[in-house]
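Reading the structure
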Amino acid sequence: MSLAWVLMPDHLHWLIQLGQGVSLSMPIRTLKGRSARALGHPVWQRAFHDRALRREDDVVSVARYIVANPVRAGLVSRVGDFPHWDAVWL
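Values in this document were obtained by computation on a predicted structure and should not be read as measured data.

Among the nonpolar cores identified, the biggest contains 12 residues, and these are Leu-3, Ala-4, Val-6, Met-8, Leu-15, Val-62, Ala-63, Ile-66, Val-67, Val-76, Phe-82 and Ala-87. Where this core is concerned, the elements lending two or more residues are β1 (2-7) and α2 (59-67). Of the residues forming this core, the biggest block, 4 residues, is contributed by α2. Every residue in contact with Val-76, bar those within four places of it in the chain, is listed here: Pro-70, Val-71, Asp-81 and Phe-82.

Structure follows, in structure tokens:
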């Protein structure tokens, strides 16, 4: 389940909740494959970097941090001004 994401000019931040028995590689492979087919060529690097959240991590705070990346990068002054993001809470 996709909880929050932001597509930056050169990378993606994506907060997802995996289902029982689903490895992280599965949704990443699907995203990369569908993107490549839609654009007619691969656009993602072969590997990916992940970070697992612990139960005590505040998922909503992590989502806010993710969608605020364009502001911290100086691309926009407000999150709402950046067109390539979404979060289930916001």
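We now examine helix α1 (residues 25-39). End to end, α1 covers 21 Å across 15 residues, agreeing with the expected 21 Å (1.5 Å per residue, within 8%). What α1 keeps buried is the set Pro-27, Ile-28, Lys-32 and Ser-35. Projection of α1 onto a plane perpendicular to its axis shows the buried side chains occupying an angular sector of 130°, all on one side. Every exposed residue of α1 that faces more than 90 degrees away from the buried side is listed here: Arg-29, Arg-34 and Arg-37. In this structure, the buried side of α1 is in contact with β2 (12-16). Where α1 ends, the next residue or the one after it, Gly-40, has phi of about 85°, a positive value.

Cut-offs used in this document
- Residues numbered from 1 in each chain as written.
- Predicted model: local features only at pLDDT ≥ 70, side-chain atom pairs only at ≥ 80, totals over all residues.
- Heavy atoms only, no water.
- Core = buried A, V, L, I, M, F, W, Y, C linked by side-chain atoms within 4.5 Å.
- Buried < 20%, exposed > 50% of the residue type's maximum accessible area, 1.4 Å probe, protein only.
- Helix = DSSP H or I, 4+ residues; strand = E, 2+ residues; numbered from the N terminus.
- Contact = heavy atoms within 4.5 Å.
- Expected span 1.5 Å × (residues − 1).
- Arc of directions from axis to C-beta.

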